[in-house]
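# Reading the structure
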Amino acid sequence: MRAKAADMPGKDCVKVAVRVRPFNKRERDAGSRCIISMASNIITIQDPRNGQVPRSFCFDYAFWSHSGFTRDRSGLYVPEEPGGRYADQGSVFQDLGEGILENALQGYNATLLAYGQTGSGKSYSMVGYGPNKGLVPTLCDRLFQAIRANQDSRQCQVFFSMLEIYNEQVVDLLSRGSRTPGGLRVREELQRGFYVEGLRRVPCDGAPQVEQLMEQGTRTRTTAATHMNANSSRSHMLIILQLKQIFCKESITKQSNINLVDLAGSERQRASGSEADRLKEGTAINLSLTTLGNVISALADVAVGKKVVHIPYRDSVLTKLLQSALGGNSRTVMIAALSPADICYEESMSTLRYADRAKRIQNRPVVNESPTERLVKELKAENARLIVWRKSGEAKSPSCLKAIQMLWEQHLQEALKDWEQQYATITQERRMMQMYPYLLNINEDTQLSGVVKLFIQDGDWDIGLSDSSPRSISIKGLGIQNRHAVFSNVQRRVSLTPLAGSKVIINGTLVSQKTELQHLDRLILGSNSTYLFIGYPSERGGDDWSRYDYDYFQSELAAAEGIHLHTLCDSGAGPGKTDPSLLAVFYDYIKLMPMVAEANQMSQELQKGVEFKLEIKNLALSDSKGHDLEKEIAVRVTSQENKQVWLWSKAKFVNRKFLMEELYQQHAGEGAGRAPMPRDRDPFWDPLEPLLLGKAHLWLQSLAFRIALEEQLEVLGSEGTEEAILQVQLIPCNPTGLPLEEDDILIDPSELLGRRLDFQLVLDQCCGLRWIKQARNRGIQIGFRMFNSAQPFYTPAVWHNVNPLLDQRVHFTSLHTSQGLLEHLQTSALVLELWGLQEGCRDMLSSLEGVKMTPEGCFIIDRTETPDTPATLDPVPEVSCSMRALQLDVEELRNTNAALRTENHTLKEQLNTARTECGRGRSERRGSSVRPSCDAEFARALKVFYHSMTSVRGQLQRLRRHRPSEDSDLLGLRLFVDEQSGLLCDFSELLEQSVSSLKQDVAAIVRRKRERSGIWP
Ligand SMILES: Nc1ncnc2c1ncn2[C@@H]1O[C@H](COP(=O)(O)OP(=O)(O)OP(=O)(O)O)[C@@H](O)[C@H]1O
Ligand SMILES: [Mg+2]
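None of the values given here were measured: they were computed from a predicted structure.

## Some details on the overall build of the chain
The helix and strand tally for the chain stands at 24 helices and 46 strands. When the 1017 residues of the chain are sorted by exposure, 48% land in the buried category. In the chain, once contacts between residues fewer than 6 apart in sequence are set aside, the share between residues at least 24 apart is 68%. A total of about 49400 Å² of accessible surface is found on the chain, and carbon and sulfur atoms cover 51% of it.

## Regarding the packing of aromatic side chains
Inspection of the entire model under this criterion finds 19 aromatic pairs. Both rings, one in Tyr438 and one in Phe455, keep their centres 5.4 Å apart while their planes meet at 50 degrees; by these two values the pair is tilted. Of this pair, Tyr438 sits in strand 23 (residues 438-441) while Phe455 is found in strand 24 (residues 453-455), placing the two residues 17 residues apart along the sequence. Both residues of the pair, Tyr438 and Phe455, belong to the buried class. Ring centres 6.2 Å apart and planes at 50 degrees place the aromatic pair Phe612 and Phe684 in the tilted group. Of this pair, Phe612 sits in strand 34 (residues 610-617) while Phe684 sits in the loop between helix 17 (650-670) and strand 37 (691-699), and the two are 72 residues apart along the sequence. We classify Phe684 as buried; its relative accessible area is 3%. One Lys or Arg, Arg192, reaches over the ring of Tyr195 and ends 3.8 Å from the middle of that ring. We note Arg331 situated over the ring of Tyr108; from NZ or CZ to the ring centre the distance is 4.0 Å.

## Section: helix 9 (residues 345-358)
The terminal C-alpha atoms of helix 9, which comprises 14 residues, lie 20 Å apart, in line with the 20 Å expected from a rise of 1.5 Å per residue. By the criterion of burial, helix 9 is predominantly enclosed, with 11 of the 14 residues buried. Burial in helix 9 covers these residues: Tyr345, Glu347, Ser348, Met349, Ser350, Thr351, Leu352, Tyr354, Ala355, Asp356 and Ala358.

## Re the nonpolar core
Judged by nonpolar contacts, the single largest core of 52 residues is most densely connected at Leu532, Tyr589, Phe612, Leu614, Trp648, Phe653 and Phe684. Looking at which element gives the most residues to this core, the answer is helix 16 (residues 580-605), with 12 residues. Those residues in contact with Trp648 that lie beyond four places of it in its chain are Phe612, Ala634, Val635, Val637, Phe653, Arg656, Met660, Pro683 and Asp686.

## Details of the packing of helix 2 (residues 89-106) against helix 4 (residues 135-149)
Close contact between helix 2 and helix 4 brings their axes to 10 Å; oriented N to C, the two are set at 45 degrees. Considering their axes alone, helix 2 and helix 4 lie oblique with respect to each other. The way helix 2 lies across helix 4 gives a crossing that is right-handed. For the pair helix 2 and helix 4, contact is made by Val92, Phe93, Leu96, Gly97, Glu98, Ile100, Leu101 and Leu105 and by Leu135, Thr138, Leu139, Arg142, Leu143 and Ala146, respectively. Grouping the constituent residues of the contact of helix 2 with helix 4 by class yields 10 nonpolar, two polar and two charged.

## With respect to the site of ligand 1
Around ligand 1, the structure places 17 residues, and the nearest of them are Gly119, Lys122, Tyr124, Tyr129 and Arg234. Taking Tyr124, its main chain carries an N or O atom lying 2.7 Å from an oxygen atom of ligand 1. The separation between an oxygen atom of ligand 1 and a polar side-chain atom of Tyr129 is 2.4 Å. Here the shell around ligand 1 gets three residues from one element, more than from any other, and that element is helix 3 (residues 122-126). Among the residues making up the shell around ligand 1, the classes are represented as three nonpolar, nine polar and five charged.

## Regarding helix 20 (residues 819-827)
Of the positions making up helix 20, those classed as buried are Leu821, Leu822, His824 and Leu825. End-on, the buried residues of helix 20 take up no more than an arc of 160 degrees, which puts them together on one face. Check the buried side of helix 20 and you find it contacts helix 18 (701-704), strand 40 (757-767), strand 44 (805-814) and strand 46 (859-861).

## Thoughts on the confidence of the model for the chain
Overall, the predicted model of the chain reaches an average pLDDT of 83, with 84% of residues at or above 70. This stretch, residues 1-9, has a pLDDT under 50; its non-local contacts, to residues over four places away or in other chains, come to 21 contacts. pLDDT under 50 marks residues 919-932. Its contacts with residues more than four places away, or in other chains, come to 16 contacts.

## Some words on the pattern of salt bridges
Across all of its chains, the model carries 29 salt bridges by this definition. Glu211 is the partner of Lys133 in a salt bridge, and the nearest nitrogen-oxygen pair spans 3.1 Å. In this pair, Lys133 sits in strand 12 (residues 132-133) while Glu211 sits in helix 5 (residues 207-227), placing the two residues 78 residues apart along the sequence. Using a relative accessible area of 38% as the deciding quantity, one classes Lys133 as partly exposed. A residue is classified by how much of its surface remains accessible, and Glu211, at 31% relative accessible area, is partly exposed. Overlapping salt bridges bring together Asp47, Arg49 and Glu346 as one network.

## Quick word on the sheet that holds strand 29 (residues 504-506)
Ordered in space as 24-23-33-32-29-30, the six strands form an open sheet in which the pairing is antiparallel. In this open sheet, the two edge strands, each paired with only one partner strand, are strand 24 and strand 30 (509-510). Lying over the sheet, helix 14 (residues 550-560) contacts strand 29, strand 32 (522-525) and strand 33 (529-534), oriented at roughly 75 degrees with respect to strand 32.

## A look at the environment of Leu769
Tracing the backbone shows Leu769 in the loop between strand 40 and helix 19 (770-774). When the C-alpha positions of Leu769 and Ile780 are compared, they lie 8.9 Å apart, and in sequence the two are 11 residues distant. Those residues in contact with Leu769 that sit more than four places away from it in its chain are Glu723, Ala724, Ile780, Asn801, Val802, Pro804 and Leu834.

## Examining a nonpolar patch on the surface
A surface patch of nonpolar side chains, about 240 Å² in accessible area, is lined by Leu848, Val851 and Met853. Its place among the elements puts Met853 in the loop between strand 45 (829-838) and strand 46.

## A look at the side chain of Gln760
Inspection of the secondary structure assignment puts Gln760 in strand 40. Its relative accessible area of 8% is what places Gln760 among the buried residues. Within the local environment of Gln760, its side chain forms a polar contact with the side chain of Arg809, the two groups lying 2.8 Å apart. If sequence neighbours within four positions are ignored, Gln760 has contacts with Gln729, Leu730, Ile731, Cys733, Gly737, Arg809, Val810 and His811.

## Some remarks on the environment of Ala797
Within the secondary structure, Ala797 sits in the loop between strand 42 (793-794) and strand 43 (798-799). Residues Ala797 and Arg842, spaced 45 residues apart in sequence, show a C-alpha to C-alpha distance of 9.8 Å. In this view, Ala797 contacts Ile780, Gln781, Leu837 and Asp843; residues no more than four positions away in its chain are not counted.

## So, unusual backbone geometry
If you check the backbone angles, Ser40 has positive phi at about 55 degrees while not being a glycine. As for its position among the elements, Ser40 is in the loop between strand 4 (36-39) and strand 5 (42-45). Of note, Lys643 is a non-glycine position whose phi angle comes to about 60 degrees, a positive value. Structurally, Lys643 can be placed in the loop between strand 35 (632-639) and strand 36 (645-649).

Conventions used here
Residues numbered from 1 in each chain as written. Chains lettered and ligands numbered in written order. Predicted model: local features only at pLDDT ≥ 70, side-chain atom pairs only at ≥ 80, totals over all residues. Heavy atoms only, no water. Helix = DSSP H or I, 4+ residues; strand = E, 2+ residues; numbered from the N terminus. Buried < 20%, exposed > 50% of the residue type's maximum accessible area, 1.4 Å probe, protein only. Contact = heavy atoms within 4.5 Å. Areas by Shrake-Rupley, 256 points an atom, 1.4 Å probe, with all protein chains shown as cover. Phe/Tyr/Trp six-rings, centres within 6.5 Å; stacked < 30°, edge-to-face > 60°. Lys NZ or Arg CZ within 6 Å of the ring centre and 35° of its normal. Expected span 1.5 Å × (residues − 1). Core = buried A, V, L, I, M, F, W, Y, C linked by side-chain atoms within 4.5 Å. Axes fitted to C-alpha atoms, helices over the stretch in contact; angles between N-to-C directions. Parallel < 35°, antiparallel > 145°, perpendicular 65-115°, else oblique. Left-handed = near helix turned anticlockwise from the far one by under 90°. Nonpolar A, V, L, I, M, F, W, Y, C, P; charged D, E, K, R; others polar. Near = heavy atom within 4 Å. Polar contact = N/O pair within 3.5 Å; in protein donor to acceptor, adjacent residues only side chain to side chain. Arc of directions from axis to C-beta. pLDDT = per-residue confidence, 0-100. Salt bridge = Lys/Arg side-chain N within 4 Å of Asp/Glu carboxyl O. Pairing = 2+ DSSP bridges. Patch = residues over 30% accessible without salt bridge, like charges linked within 9 Å, V, L, I, M, F, W, Y side chains within 5 Å.

Following this line, the structure appears as structure tokens:
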């Protein structure tokens, strides 16, 4: 179609709307705060970790759908009070839908895109749920109303198509035939631009028909999703409405394409793009979303006058199909869906930035208008009857329009027949729902939940891949066997018997025996086919089934594995407050759990010989200050044959899972005949790397007093397991490495300031290495980073030994001890990392780059060039403010210290004078002061005290790790409480002992001092 001559393309920016939804269950459970506010069309977002700098964005529309609503009797969400600020589906349509409709009727192409993270409300806005109909159905409804209202002046034809893009493949969701392997082809024509070849276009003449087609499309989508083990990698959905308007009088045809796009969750784009993975380039799963981002960025740059050489439309299927919508012949609206919750800050911020770029894009829409003659030509080619009619030579007579009408009606009749068939199926299904119990599919995507119903009629029914017998219920899915289980429905009681080798989980528990099902039981068949059991109508009552969503299933499963939201979060903030980072870990866990089950199934079927297991990293580990480390999810990968182990980050696993799926689909398509995959492209394989097994803390406080320390440290694994015992020493020494004497012990650590401090770290032996006990062909190294050294230091590798001697001695020197180092010594620990080596992986080497050494070969720490000018270097004003405040405090403390020293000195002088005067000078040392001997006694007492504090600290750690087991009953809990009180008792005894012996020692020293000085009787 060409533009009307008078209607030269004008610039038209992409209109952007944002919509914020109510809290979901997850967010309510987390006690989330709303971090988004709106005033007119300005939206403000607050970083929950930083109270000061909210960011504001201005868009064409901002819809507040977070609060101020109520549910009316028909289930519609409406404003609490008339004129309230809550934006319901109706008002969103008014602002966005009306414009699109108007544009389409004028002959413009129009596009509506919904963008946002998973669960942010894209489908709610586009399609809607139940009575809360979204933009698409309302638009169709209104379109047909408008057509009817204008039927005197024009004849209209509406064609409906629905497709999904999954992994760069286009699937026709309305296709009646079987799926084309590899998907439909996207072609390009000069006039038409990009289009999908062979996509079914269904002629429609009413909104109910469109709704039914959408239902049919959703059903196809759901089946495709369950067949593709793809719960984690979802598709983009596109609805294309084609409107042809034939203006009889003017002999003009206007045509407009309306693209309605519900995109896959935007976090997918970040999840796989964020981390360097060896195989990152290989995955196509997020290509469309990533390319969409690139196209939008490039177009936004063009809009601000930047020189852009290339807009990468051709890089993905989605951007090819949306080429006209972005920077081309279309009026385009983007709706950016947002979660209001603090835990979603990062994603919401990224959505807002994305939307902010999109609003700059300029399109050049034109009215697509052509003489009707052309349409006639197209129709002639399409239909044989027209050929006959052409022979009559009436091409331009009014009967040509009649012929168009006739042909259109014929098409409609065909569609209607199809529709009736579908309708009969739906009616039949509704009847069955009132007669029998059934299984209802539950999907991660709420739009696809409750779409499939599997009826369990009287008698025995096999469920599985096979559909060979008339008494079988055929399902597909990863890990589903040909005959997976048997349902028997006898006397209105339904039970399920798993068949040999199949996996059946009921309400979170693996079952192997015949089990009777109750209404609303949760079933997981195979690795992850999730169903809710709906009992006979008499059992159903008025209960709310919506709580049994995908999260519910996975949480139940996690609980069976000992991972509960409340236990995980107990260790964090106080009661009633949940630490958002722990919550994020929990939800990551339940999100990855089914993916891990699927990866295991694929590994098994593809005979990859590796096993995946979820792990919570840093569950029991702390940093050098003893603060809990941020927890995160990792996946432990173990090869079953030779026990090699890898630890993958969440992002890497997610990326690999996509690749595994691709490989699995290929395998399913090509069977055993396919060529073996080279190892370096195999998503199940990675080169071996050293593995962090655990950490031990060596507290440095004794160094501040120049007291030697010898310790047996417990090396704790990520989840609190004892990985080994490490024997270490920390020895203050002189520059040549000779240990200091007790006389050198300091009472006041500030005496170290500005002076040289030498000490040696001795790593003697590692005992009881669990890593080596599990497989002898392994080795270990110890790594650590002393104070502010840039590079970690690693001990040489030792292999095959459960109790290897390390015999490592490293000498460190601080030439001028700074306040920073002193504070570090007094408050921090040296974190010793235990690294596991496996045959074939390279050792870790200490890099000496940037390391300074003394001529004697001691490592210099605490080089104080930089810390003196922090304020000018620090870009964050609040941090430099607090730094300055701290510096002032330190300065004040120094002054106080100096004053005390002076006072101390004066007192000592007085003491000496008094002693001389009394003639009882008993100078035992040269230099005649009581201080050295007294200090030595103090120092000894301190040394004892620090040693005993090590045991106290150990006991405290034990207490912190002590938790009741997940499946404890009341008796178990009582036992736990008894143990806990025992541990507490020991702890308090140890602490009492340490403190009281320190008190006694100090009292004795003071007494002796007084006796010696003779001043105070
Ligand atoms: N404005 C709203 N008002 C009420 N409920 C909403 C709103 N927006 C979303 N929801 C609810 O939030 C849930 C998730 O919404 P939706 O399915 O639209 O997310 P989505 O962005 O399409 O996610 P996905 O990327 O997983 O497809 C649904 O249960 C939906 O009913
Ligand atoms: Mg959706």
